[in-house]
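# Chains, contacts and geometry: an overview
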Amino acid sequence: MGCGVRMDEPMVPADEAVLVCGQCGHRQPFLRLPMFALTGPSGTGKSTVSRFLGSELGSQVVVLEQDVLWTAGLRDPHNDFQLFRSTWLRMVGMIHQSGRPVVLCGTVVPVQFEEIPERVLIGDIHYLALTCDRLVIRERLRARPAWREWDEPRIDEMLEFNEWVRREAATMSPPMRLLDTTHTPVEETAREVADWVRAGLAASPSLA
């Protein structure tokens, strides 16, 4: 808003919700709200649950499905698809300026968001990972349409990821909370996810 120079990486002073121009020093306040990442392996129910969250949470948040931006221009594998994740954090930061936090539904682990420059645009990021029994995940992925290309080697990779998430979630920074969906009806899972979001909203100083 000052000199109009494009900044490839946002500059935000520590503990401030102010964007600073590296060229002219212009300081522009912005809303730095929490984000809720509903994550976990494919086949655990993220997309299905996300369709129930709108009615559960109403106008408190904006619920977004991460895969809607999985387009050719963002499928750049460089640095663990950082362009894709950076784009998402920029978009979430813009949506936050409306005063509504975002629930982002898609496979991600903390390190993929926490260590990129755009992280400074967001307040606390809360992570909840859905997990599931191996046999259930395999059945769900096998049942998907052929165009999604879930062959057996790819399914095996996802099952390994499922076990890794279960094993390592508590050691991540920040840690991920786990929610097993194996035997839980989707409506009940959605209520549990909504309760988790509401608890995070209530604890956020930026929304007080």
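Everything discussed here concerns the structure shown above.
Residues numbered from 1 in each chain as written. Predicted model: local features only at pLDDT ≥ 70, side-chain atom pairs only at ≥ 80, totals over all residues. Heavy atoms only, no water.

## Focus on the sheet that holds strand β3 (residues 35-39)
The strand order β4-β5-β3-β6-β7 describes an open sheet built from five strands, whose pairing is parallel. Looking at strand neighbours, the two that pair on one side only are β4 (62-65) and β7 (177-180), the edges of this open sheet. For this sheet, the mean angle separating the axes of adjacent strands, direction not counted, is 20°. Where helix α1 (residues 46-57) meets the sheet, its contacts fall on β3, β4, β5 (102-105) and β6 (125-131), and the angle it forms with β4 comes to roughly 165°. (Pairing = 2+ DSSP bridges. Helix = DSSP H or I, 4+ residues; strand = E, 2+ residues; numbered from the N terminus. Axes fitted to C-alpha atoms, helices over the stretch in contact; angles between N-to-C directions. Contact = heavy atoms within 4.5 Å.)

## Things to note about the side chain of Thr189
Inspection of the secondary structure puts Thr189 in helix α6 (residues 186-202). Setting aside its immediate chain neighbours within four residues, Thr189 contacts Val49, Leu130, Leu179, Thr181 and Thr184.

## Focus: the pairing of β6
In terms of residue burial, β6 counts as a mostly covered element, since six of its seven residues are buried. Pairing between β3 and β6: five bridges, direction parallel. Paired with Met35 across the two strands is Ile125, which belongs to β6. Pairing geometry for β6 and β7, over four bridges, is parallel. Paired with Leu128 across the bridge in β7 is Arg177. (Buried < 20%, exposed > 50% of the residue type's maximum accessible area, 1.4 Å probe, protein only.)

## Here's the deal with the pattern of salt bridges
Using the criterion set out here, one finds 11 salt bridges in the structure. The closest approach of N and O atoms between Arg138 and Asp156, which form a salt bridge, is 2.9 Å. A residue pair is termed long-range when its members are at least 10 positions apart, and Arg138 in helix α4 (residues 134-142) and Asp156 in helix α5 (residues 152-168) qualify at 18 residues. Residue Arg138 is classed as buried on the basis of its relative accessible area, which comes to 16%. A salt bridge links Glu163 to Arg166, with the shortest nitrogen-to-oxygen separation between them at 3.6 Å. Of this pair, Glu163 and Arg166 both sit in helix α5, separated by three residues, roughly a single helical turn. The exposure class of Glu163 is partly exposed, given its relative accessible area of 27%. For Arg166, a relative accessible area of 31% translates into the label partly exposed. Shared partners join several salt bridges into a network, and the residues in it are Arg138, Arg142, Glu152 and Asp156. (Salt bridge = Lys/Arg side-chain N within 4 Å of Asp/Glu carboxyl O.)

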